[in-house]
Amino acid sequence: KNLTPVQFSCKPSDNQSAKIGICLLKAHQKNLLVAGIILVLGVFLYWDNQANHKVTSVISVEPTYEGHPVSYWTDHLVFWGGQWNAEAEAAIKAMGPKAAPYLGQRMAQRMMIDAGTPNFNYYEPLLKAFELLGLDGKPAVPYLIKSLGLNFDCSERALVSIGSNAVPELADKLLATLSDTKNPFYHGAIRMNIHKDSGFFIRGRILSVFDQMGTNAEAALPVLIFAASTNLPIFREDFSRQNHYKTLAIVGQNHPDAVIPV
């Protein structure tokens, strides 16, 4: 009852108006600064591209050869017409194991895998690089295992090129899949499909790699013998009849004393 009505005004004072004006000016200046940075960066990248990436290669974390990073040499492995670039081949070999992790990362890029149709312009230079590295491609194995079956058979082909140096990690992964006994199948829009992160699917892809390696995969024999005793089903892709016993026979053909009892 004793309160006295007070008149409030929504109109800002001169001091408040000045503060608002300063804030708007600062915001405008920030926008101009950001736009300027983007413009300068764009000009720099364009100029560096014209200079064959000689500047960015200096600050790149990729290994380099004669001033160019491994990604540059991989991109230049193939000439127009499908001929291989001998200089780029020499560069990949010279960088050796240091180049492998970057090749593995590019092979497993999520934007490229499961694209629907093979992009040979993307994968073939990477596969050629792994052929050149051979056993030295071992540092790429973890990336290739994660992308098994997700980029057609490109990761599998790369692992076959790495050969025996890839076998221990593949055997460990195969052993880990044996604990996955869940139903891997689901009904898609047209037909039944399989979860590609399923142990059943990954196990089938690893066995396929061992089939192609043959006796080079002999280090995996203990795991293959153990896996054969589980009697777990294998995902049958297309017309292949992938199974532990076939792989064991192929890989262990020089060790009949171990294979025949299984």
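The text that follows walks through the structure, step by step, so that each part is easy to find. (Residues numbered from 1 in each chain as written. Predicted model: local features only at pLDDT ≥ 70, side-chain atom pairs only at ≥ 80, totals over all residues. Heavy atoms only, no water.)

**Overview of the nonpolar core**
Stage number 1. In this structure, Met 107, Leu 170 and Phe 210 are the most contacted members of the largest nonpolar core, which totals 48 residues.
Stage number 2. A total of eight residues in this core trace back to one element, the largest contributor, which is helix α6 (residues 120-133). (Core = buried A, V, L, I, M, F, W, Y, C linked by side-chain atoms within 4.5 Å. Buried < 20%, exposed > 50% of the residue type's maximum accessible area, 1.4 Å probe, protein only. Helix = DSSP H or I, 4+ residues; strand = E, 2+ residues; numbered from the N terminus.)

**Notes on the side chain of Asn 85**
Stage number 1. With respect to the helices and strands, the residue Asn 85 is situated in the loop between α3 (70-75) and α4 (86-95).
Stage number 2. Classification of Asn 85 as buried rests on a relative accessible area of 10%.
Stage number 3. Beyond its immediate sequence surroundings of up to four residues, Asn 85 is in contact with His 76, Leu 77 and Phe 79. (Contact = heavy atoms within 4.5 Å.)

**A word on helix α9 (residues 167-177)**
Stage number 1. Looking only at α9, the buried set comprises Val 167, Leu 170, Ala 171, Leu 174 and Thr 177. In a view along the axis of α9, the buried residues occupy a sector of 120 degrees, so they form one face of it.
Stage number 2. Packing partners of the buried residues in α9 comprise α7 (141-146), α8 (154-162), α10 (199-213) and α11 (221-228). (Arc of directions from axis to C-beta.)

**Details of the pattern of salt bridges**
Stage number 1. Applying the stated criterion across every chain, the model contains four salt bridges.
Stage number 2. Its salt-bridge partner being Glu 124, residue Arg 157 comes within 3.8 Å of it at the nearest N-O pair. With Arg 157 in helix α8 and Glu 124 in helix α6, the pair connects residues that are 33 residues apart, well separated along the chain.
Stage number 3. Judged by its relative accessible area of 31%, Arg 157 falls in the partly exposed class. (Salt bridge = Lys/Arg side-chain N within 4 Å of Asp/Glu carboxyl O.)

**Structural notes on the packing of α10 against helix α12 (residues 244-251)**
For any two helices packed against each other, the geometry is given by the interaxial angle and the distance between the axes.
Stage number 1. Interaxial distance between α10 and α12 falls to 9 Å at its minimum, and their mutual angle equals 25 degrees. Between α10 and α12, the angle falls in the class roughly parallel. Both α10 and α12 take part in a crossing whose hand is left-handed. Here Arg 203, Leu 207, Phe 210 and Asp 211 of α10 lie close against α12, whose contacting residues are His 244, Lys 246, Thr 247, Ile 250 and Val 251. (Axes fitted to C-alpha atoms, helices over the stretch in contact; angles between N-to-C directions. Parallel < 35°, antiparallel > 145°, perpendicular 65-115°, else oblique. Left-handed = near helix turned anticlockwise from the far one by under 90°.)

**A closer look at the side chain of Lys 128**
Stage number 1. Take Lys 128: it is sitting in helix α6.
Stage number 2. Buried charged residue Lys 128 carries no salt bridge. Nearest counter-charge: Glu 89, at 4.0 Å.
Stage number 3. The contacts of Lys 128, once residues within four sequence positions are left out, are Leu 77, Trp 84 and Glu 89. (Lys, Arg positive; Asp, Glu negative; His and termini not counted.)

**What to know about unusual backbone geometry**
Stage number 1. The backbone of Glu 66 sits at a positive phi, close to 50 degrees, despite the residue not being glycine.
Stage number 2. Looking at the element boundaries, Glu 66 is found in the loop between β1 (64-65) and β2 (68-69).
Stage number 3. Under the relative-accessibility criterion, Glu 66 is labelled exposed at 55%.
Stage number 4. You will see that Phe 152, though not glycine, has its phi angle at about 65 degrees, which is positive.
Stage number 5. Position of Phe 152 among the secondary structure elements: in the loop between α7 and α8.
Stage number 6. Judged by its relative accessible area of 29%, Phe 152 is partly exposed.

**Looking at the environment of Asn 216**
Stage number 1. As for its placement among the helices and strands, Asn 216 is situated in the loop between α10 and α11.
Stage number 2. In this structure, the C-alpha to C-alpha distance between Asn 216 and Ser 164, residues 52 residues apart in sequence, is 5.4 Å.

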